[in-house]
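Each chain, written out:
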Amino acid sequence: MHAQAARTPLTGRTGPYFGRFGGRFIPEALVAALEELDAAYRDALAEPEFMGRLDELHRTYVGRPSLITEAPRFARHAGGRAPARILLKREDLNHTGSHKINNAIGQALLTLRMGKTRVIAETGAGQHGVATATAAALLGLDAVVYMGEVDMRRQALNVVRMRLLGAEVIPVTSGSRTLKDAMNEAMRDWVTNVENTHYLIGSAAGPHPFPTMVRELQQVIGVEARRQTLALAGRLPDVVCACVGGGSNAIGIFHAFLDDPEVELVGLEAGGDGVETGRHAASVSGGGLGILHGTRTFVLQDAHGQTVESHSISAGLDYPGVGPQHAWLHDIGRARYASVPDAEAMEAFALLCRTEGIIPAIESAHALAGAIREGRRLGPDGIVLVNLSGRGDKDVDTAARYFGLLGEGSGE
Amino acid sequence: MSARATIERAKSEGRAALIGYLPVGFPDVATSVAAMRAMVAGGVDVLEVGLPYSDPLMDGPLIQRATEAALVGGATPADGFTAVREAGAPALVMTYWTLVDRYGVARFAADLAAAGGAGMITPDLIPDEAAGWHAAADEHGLDRVHLVAPTSTPERLALAARSSRGFLYAASLMGVTGERDLVSTTAKDLVARTKEVTDLPVCVGLGVGTGAQAAEVAGFADGVIVGSAFVRALMDAPDRASGLAAVEAVARELAAGVRKAASVAAT
């Protein structure tokens, strides 16, 4: 007989703790708001009307279920003569262009339920900011989005989208001027305005209940993908690949497979210039145990516990921490985490564009690079499922500069 | 003398205690320690030695600038022990928890006690997460100061009181550190609600910057906590000597304020 622990399912685990990770390292002033949120979302998830409304918005507004697309030309170019099958879960086809809308719509509905009128959000690539601005416009909430100055420059398109949608975008000029600092600033806003404001965290990070709640709002990705893979291939995939910054798209697709031990789960972190250079954003592969933004997890930090700046070509992965459930899945060996350097991600990015006619987000290109590695390892009998978490329109500027696609002096 | 004994002594003199915060390492370790001594010379009763942290999400722009500069200058958590040792008044460390977590809570408590520290204020460590710290504090006889907030329920106030030793820190308004024009009316309510559940001294922080505000808060609290006004005095000074003089002058104004409370309260 198996020990009791071995039979305890991994799906459905809820915070505040995931093993030695998670918790609530926050000022007392926010405890009441976190308790209120915890109660509101538990009640809501148990209520058919709320879930019915969420499901309706998924079908009639977001565009769920999202497609699954096989990528045979990509697989052939990537895998040589005996390629594994590569299946793409098309979160890029969601309204607003990424998986972030799944969570934003859910939390915006909760905001209404709690009687609050204003949402704030942090954003890196701008996808979560756009999703939040969209949900706020749809449901009649005020939205303020904090975004690092550096990210506003590299994701200018999304800044305009948020403003068109009626959100106020506030540039953050402290620290590294990226996602981590945007989150600091959003926390400062929240502790000041908590009475009428919900902090709509976009990642599966932050204090309890955010990691659990965001996962529960994103796990629809894996539920659909598992069913779709069974229908398409007649069996479960061998490997599921997803990119990991804070880790919301990854936990969203991993969750449905946690109790399928034959399915390997691989999280791809941003390797930047390479983990060995110290210029990267791979918190699991290259970080230490610390506390960041209210949760205990793996953090990029120096010997004294000061956060070290992360580096990645992808603004959405440029975060020096990771969601606590990922840290735990790494600890217990249920998921594997590897890093993909900028160059390898951009190679996968370009390959998908040319072979399948799909421009992926640079974030998602890290998962594609992981799929190439896994596909080569598995060979022709293998099936790799990739979470294509977002589309790459926002990244054309970065890609144009990276690949030199705009001629000198083209001017316009 | 412990922080609590110092606060009680002030009370016996018919006034509130003055508690002053400064981050160690701004503008450099030696000057910050000298500034803490100037604060004590000017009338600060108890010192809060802040440890600079890279992501100070409970601090406003002023303290952010100071702690960022301290980190650029290479300040480390261990510099906090130097300040505690040399400050010349009962001193507590005030820090974001991750720095202690990284240092190791048992080792941190031992080193803090060895430096003669009175204890620690933990603004992002709620009692629910503090079992390790509580045990280490007990082992070394250190004060453990938790915060209460306007949003704290009666149950949470009682939890914070049960979990604290030395005094309770009432964060008097919702928001980050920084001076405000008006002392929030919620401060008085919060102190009254806290005093219903504890005999510990209740000290009020966040937003106090002037002698008049100190007098007002001293009318209902056992201690007045001031941070940003000291940081500003040090930051705005053209050189070290005038910075230290400015810090001492701010302390004098505030020290006079906490002694005026009786007359303010009577009006």
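Residues numbered from 1 in each chain as written. Chains lettered and ligands numbered in written order. Predicted model: local features only at pLDDT ≥ 70, side-chain atom pairs only at ≥ 80, totals over all residues. Heavy atoms only, no water.

- As annotated in an unreviewed UniProt entry, chain B carries the name Tryptophan synthase alpha chain and is attributed to Nonomuraea turkmeniaca.
- Of the comments in the UniProt record for chain B, the one headed Catalytic activity (unreviewed entry) reads "(1S,2R)-1-C-(indol-3-yl)glycerol 3-phosphate + L-serine = D-glyceraldehyde 3-phosphate + L-tryptophan + H2O".
- Under the UniProt heading Sequence similarities (unreviewed entry), the entry covering chain B gives this text: "Belongs to the TrpA family." (UniProt positions renumbered as here; feature names shortened; annotations may be inferred.)

- In the nomenclature of an unreviewed UniProt entry, chain A is known as Tryptophan synthase beta chain of Nonomuraea turkmeniaca.
- UniProt, in its Cofactor (unreviewed entry) section for chain A, records the words "pyridoxal 5'-phosphate".
- Turning to chain A, the UniProt record has this under Function (unreviewed entry): "The beta subunit is responsible for the synthesis of L-tryptophan from indole and L-serine."

1. Some thoughts on the overall build of chain B
Okay, so step 1: In terms of helices and strands, chain B carries 13 helices and nine strands.
Okay, so step 2: In terms of overall dimensions, chain B is globule-like: its C-alpha atoms have a radius of gyration of 17 Å, near the 18 Å expected for 267 residues.
Okay, so step 3: In terms of principal-axis extent, the alpha carbons of chain B reach across some 45 × 45 × 30 Å.
Okay, so step 4: Buried residues in chain B amount to 63% of all 267 residues.
Okay, so step 5: A separation threshold of at least 6 residues defines the contact pool for chain B, and within that pool the share at least 24 residues apart is 71%.
Okay, so step 6: Only carbon and sulfur atoms are counted for the fraction: they give 54% of the accessible area of chain B, which is about 9,400 Å².
Okay, so step 7: With 22 positive and 30 negative side-chain charges, chain B shows a separation of 4 Å between the mean positions of the two kinds. (Helix = DSSP H or I, 4+ residues; strand = E, 2+ residues; numbered from the N terminus. Rg over C-alpha atoms; globule rule 2.2 N^0.38 Å. Buried < 20%, exposed > 50% of the residue type's maximum accessible area, 1.4 Å probe, protein only. Contact = heavy atoms within 4.5 Å. Areas by Shrake-Rupley, 256 points an atom, 1.4 Å probe, with all protein chains shown as cover. Lys, Arg positive; Asp, Glu negative; His and termini not counted. Charge placed at Lys NZ, Arg CZ, Asp CG, Glu CD.)

2. Brief notes about the overall build of chain A
Okay, so step 1: Scanning chain A from N- to C-terminus turns up 17 helices and 14 strands.
Okay, so step 2: Here chain A has a C-alpha radius of gyration of 20 Å; the compact-globule value for 412 residues is 22 Å, and the two agree.
Okay, so step 3: Principal-axis analysis of the C-alpha atoms gives chain A an extent of 70 × 60 × 50 Å.
Okay, so step 4: In chain A, which comprises 412 residues, the share counted as buried stands at 63%.
Okay, so step 5: A sequence separation of at least 24 residues applies to 75% of the contacts in chain A between residues at least 6 apart.

3. A few points about the domain arrangement of chain A
By a widely used convention, the size of an interface equals the accessible area lost when the partners come together.
Residues and elements named next belong to chain A.
Okay, so step 1: Annotation of chain A at the domain level lists domain 1 (16-60 + 99-214) and domain 2 (63-97 + 219-403).
Okay, so step 2: Taking the mean C-alpha position of each, domain 1 and domain 2 sit 22 Å from one another.
Okay, so step 3: Both faces combined, the contact of domain 1 with domain 2 buries some 3,600 Å², and carbon together with sulfur accounts for 58% of it.
Okay, so step 4: The largest per-residue losses of area from domain 1 upon contact with domain 2 belong to F21, H99 and R154, which jointly make up 20% of the total buried on that side. (Domains from an automatic or database assignment. Buried area = accessible area lost by both parts, 1.4 Å probe.)

4. Focus: helix α11 (residues 228-236) of chain B
Okay, so step 1: Every buried residue belonging to α11 of chain B is among S228, A229, F230, V231, A233 and L234 of chain B, and all of these are buried.
Okay, so step 2: Where the residues of α11 of chain B are buried, they touch β1 (17-23), α2 (29-42), α3 (61-72), β9 (223-226) and α12 (240-259) of chain B.

5. Some words on the UniProt feature "modified residue: N6-(pyridoxal phosphate)lysine" (unreviewed entry) in chain A
Residue and element names in this part refer to chain A.
Okay, so step 1: Under the feature "modified residue: N6-(pyridoxal phosphate)lysine" (unreviewed entry), the UniProt entry names K100.
Okay, so step 2: Residue K100 is classed as buried on the basis of its relative accessible area, which comes to 16%.
Okay, so step 3: Dropping the residues within four chain positions of it, K100 is found in contact with Q127, H128, A131, G202, S203, Q218 and S248.

6. Quick look at the UniProt feature "domain: Tryptophan synthase beta chain-like PALP" (unreviewed entry) in chain A
Okay, so step 1: Following the UniProt record, the feature "domain: Tryptophan synthase beta chain-like PALP" (unreviewed entry) maps to residues 65-390 of chain A here.
Okay, so step 2: Secondary structure over residues 65-390 of chain A splits into 43% helix and 21% strand, and the C-alpha atoms at its two ends are 15 Å apart.

7. A short note on the pairing of strand β5 (residues 118-123) of chain A
Residues and elements named next belong to chain A.
Okay, so step 1: Among the six residues of β5, six are classified as buried, and the element is accordingly described as predominantly covered.
Okay, so step 2: The side-chain alternation of β5 yields two buried faces, one formed by R118, I120 and E122 and the other by V119, A121 and T123.
Okay, so step 3: Judged from the six bridges that link them, β5 and strand β6 (residues 142-148) form a sheet pairing that is parallel. Counterpart to T123 in the pairing with β6 is M147.
Okay, so step 4: Two strands pair when backbone bridges link them, and β5 and strand β8 (residues 197-199) are joined in this way by three bridges, in the parallel orientation. Along β8, the bridge assignment pairs I120 with Y199. (Pairing = 2+ DSSP bridges.)

8. Notes on the UniProt feature "active site" (unreviewed entry) in chain B
Okay, so step 1: The UniProt entry lists E48 and D59 of chain B under the feature "active site" (unreviewed entry), expressed in the numbering used here.
Okay, so step 2: Its location among the elements puts E48 of chain B in strand β2 (residues 46-50).
Okay, so step 3: Note on E48 of chain B: relative accessible area 1%, which makes it buried.
Okay, so step 4: Leaving out residues up to four positions away in the same chain, E48 of chain B has contacts with I19, G20, Y21, L22, L92, M94, I121, Y169 and I225 of chain B.
Okay, so step 5: On the secondary structure map, D59 of chain B appears in the loop between β2 and α3.
Okay, so step 6: Leave out the neighbours within four places in its chain, and D59 of chain B touches R188 of chain A together with Q64, Y96, V176 and T177 of chain B.

9. As for the sheet that holds β6 of chain A
Strand pairing in a sheet is mediated by backbone hydrogen bonds. Such pairs are either parallel or antiparallel.
All names here are of chain A.
Okay, so step 1: Strand order in the open sheet formed by four strands is β7-β6-β5-β8, and the pairing between neighbours is parallel. If you trace the sheet from one side to the other, it starts and ends with β7 (168-172) and β8, each paired once. Strand-to-strand twist of the sheet, defined as the mean angle between neighbouring strand axes without regard to direction, takes the value 25°.
Okay, so step 2: Two elements, β6 and β7, share five bridges in a ladder whose sense is parallel. Across the sheet, the residue bridging to G148 is V172, located in β7.
Okay, so step 3: On the sheet, helix α6 (residues 127-139) packs against β5 and β6 and is oriented at approximately 165° with respect to β5. (Axes fitted to C-alpha atoms, helices over the stretch in contact; angles between N-to-C directions.)

10. Quick look at the interface of chain A and chain B
Okay, so step 1: In this complex, chain A contributes 33 residues to the contact, which on the side of chain B involves 33 residues.
Okay, so step 2: It is E28, R188 and Q306 of chain A that lose the most area in chain A upon contact with chain B, and together they represent 25% of the buried surface on that side.
Okay, so step 3: Taken together, the connections running from chain A to chain B amount to three salt bridges.
Okay, so step 4: The closest approach of N and O atoms between R296 of chain A and D101 of chain B, which form a salt bridge, is 2.5 Å.
Okay, so step 5: Every element with two or more residues in the side of chain A that touches chain B is listed here: α2 (31-45), α9 (179-193) and β11 (288-292) of chain A.
Okay, so step 6: Considering each element in turn, the side of chain A that touches chain B owes the most residues, seven residues, to α9 of chain A.
Okay, so step 7: Here the residues of the side of chain A that touches chain B are counted per class, giving 14 nonpolar, 12 polar and seven charged. (Salt bridge = Lys/Arg side-chain N within 4 Å of Asp/Glu carboxyl O. Nonpolar A, V, L, I, M, F, W, Y, C, P; charged D, E, K, R; others polar.)

11. Some details on the packing of aromatic side chains
The geometry of two aromatic rings is summed up by the distance between their centres and the angle between their planes.
Residue and element names in this part refer to chain A.
Okay, so step 1: Tallied over the full model, the rule gives 12 aromatic pairs over all chains.
Okay, so step 2: Arranged with centres 5.9 Å apart and planes meeting at 65°, the rings of W190 and Y199 form a pair that is edge-to-face.
Okay, so step 3: By relative accessible area, Y199 is classed as buried at 0%.
Okay, so step 4: Ring centres of Y199 and F210 lie 6.3 Å apart, and the angle between their planes is 55°; on these two criteria the pair is classed as tilted. Here Y199 is found in strand β8, whereas its partner F210 is found in helix α10 (residues 210-218), with 11 residues between them in sequence. (Phe/Tyr/Trp six-rings, centres within 6.5 Å; stacked < 30°, edge-to-face > 60°.)

12. Some points on a nonpolar patch on the surface
Okay, so step 1: On the surface, Y402, F403 and L405 of chain A cluster together into a nonpolar patch covering about 300 Å² of accessible area.
Okay, so step 2: When you line up the elements, Y402 of chain A lands in helix α17 (residues 396-403). (Patch = residues over 30% accessible without salt bridge, like charges linked within 9 Å, V, L, I, M, F, W, Y side chains within 5 Å.)

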